[in-house]
Amino acid sequence: MNIDTFYNKIIQGLPIVRKNVDFRDDLKNSLSEYADNINSIDVDLFESEAEKQDVVAKIHEQSGRLYEIVDLYYAGQHATAFEKFQQLFNTPNGISTNFLYVHFNSFYYI
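Quick caveat, the model's predicted, so the values are computed rather than measured.

Conventions and cut-offs
- All residue numbers refer to position in the chain's written sequence, counted from 1.
- Local features in this predicted model are restricted to residues of pLDDT 70 or higher, and side-chain atom pairs are both shown and tallied only at a pLDDT of 80 or more, whereas totals for entire chains, interfaces and linings draw on every residue.
- Side-chain calculation: all heavy atoms of the structure are included, whereas hydrogens and water are not.
- We define the nonpolar core as a collection of buried residues of types Ala, Val, Leu, Ile, Met, Phe, Trp, Tyr and Cys that are connected through side-chain atoms lying within 4.5 Å of one another.
- The classification of residues rests on relative accessible area computed with a 1.4 Å probe and restricted to protein chains. Under 20% of the type maximum is buried, over 50% is exposed, and intermediate values are partly exposed.
- By the criteria applied, helices consist of DSSP H or I runs no shorter than four residues and strands consist of E runs no shorter than two, each listed in order from the N terminus.
- The span one expects for a helix is its residue count, reduced by one, times 1.5 Å.
- Think of it as the arc spanned by the lines of direction from the helix axis to the C-beta atoms.
- Note on definitions: angles span 0 to 180 degrees between N-to-C directions of axes, and those axes are lines fitted to C-alpha atoms, for helices only across the stretch in contact.
- We call two directions roughly parallel when the angle between them is under 35 degrees, roughly antiparallel when it is over 145, roughly perpendicular when it lies between 65 and 115, and oblique otherwise.
- Whether two residues are in contact is decided by their heavy atoms: any pair within 4.5 Å suffices.
- Each patch is assembled from residues with relative accessible area greater than 30% and no salt bridge, linking like charges that lie within 9 Å and nonpolar side chains (Val, Leu, Ile, Met, Phe, Trp, Tyr) that lie within 5 Å.
- All accessibility values rest on the Shrake-Rupley procedure with a 1.4 Å probe; residue burial counts only the protein chains present in the view.
- Any carboxyl oxygen of Asp or Glu within 4 Å of a side-chain nitrogen of Lys or Arg constitutes a salt bridge here.

## A closer look at the nonpolar core
Item 1. Counting 11 residues, the largest nonpolar core consists of Met1, Ile3, Phe6, Ala35, Ile38, Ile41, Leu45, Phe46, Val55, Val56 and Ile59.
Item 2. Mapped onto this core, the elements with two or more residues apiece are helix 1 (3-12), helix 2 (23-40) and helix 3 (49-74).
Item 3. Among the elements that make up this core, the one with the highest residue count is helix 3 (three residues).
Item 4. Formed by eight residues, the second largest nonpolar core is a distinct cluster that contains Leu27, Ile69, Val70 and Leu88.

## Here we look at helix 2
Item 1. Taking 1.5 Å as the rise per residue, helix 2 with 18 residues should run 26 Å; its terminal C-alpha atoms sit 26 Å apart, in good agreement.
Item 2. For helix 2, the set of buried residues is Asp26, Leu27, Leu31, Ala35, Asn37 and Ile38. Across the axial projection of helix 2, the buried residues extend over an arc of 165 degrees, all falling on one side.

## Description of the packing of helix 2 against helix 3
Item 1. Orientation of helix 2 relative to helix 3, taken along the N-to-C sense of each, is 175 degrees, at an axis distance of 10 Å. With respect to their mutual orientation, helix 2 and helix 3 come out roughly antiparallel. Residues Phe23, Arg24, Leu27, Lys28, Leu31, Ser32, Tyr34, Ala35, Ile38, Asn39 and Ser40 of helix 2 touch helix 3, and the partners they reach there are Lys52, Gln53, Val55, Val56, Ile59, His60, Ser63, Leu66, Tyr67, Val70, Asp71 and Tyr74.

## Details of a nonpolar patch on the surface
Item 1. The grouping of Phe23, Tyr73, Tyr74 and Phe82 at the surface amounts to a nonpolar patch, some 420 Å² of accessible area in total.
Item 2. Mapped onto the elements, Tyr73 comes out in helix 3.

In short, shape yes, function no, at least from these values alone.
This is how it looks when you write it as structure tokens:
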């Protein structure tokens, strides 16, 4: 998939529409679809296939952390969920430092 098709898929998917009774299912499906779309992008937009797979792995890792947080919240463990959410955004391996954004034909980490 080229970058324009990727952008169009993301734009067409917004806003995310609830399809399931459980928000957690919609979250998992949306993040999984996003990772699949990244995985479908042409490898020449990355430095290598290894870099592309590293990006996809990081998306799955951060998605897993989000799933855990939401599950904790739904289980009534609000304080633990909020603590983990804060850690997710404030740690070197969290979303704020490993967030993927697309700029023309390249991917960067900020």
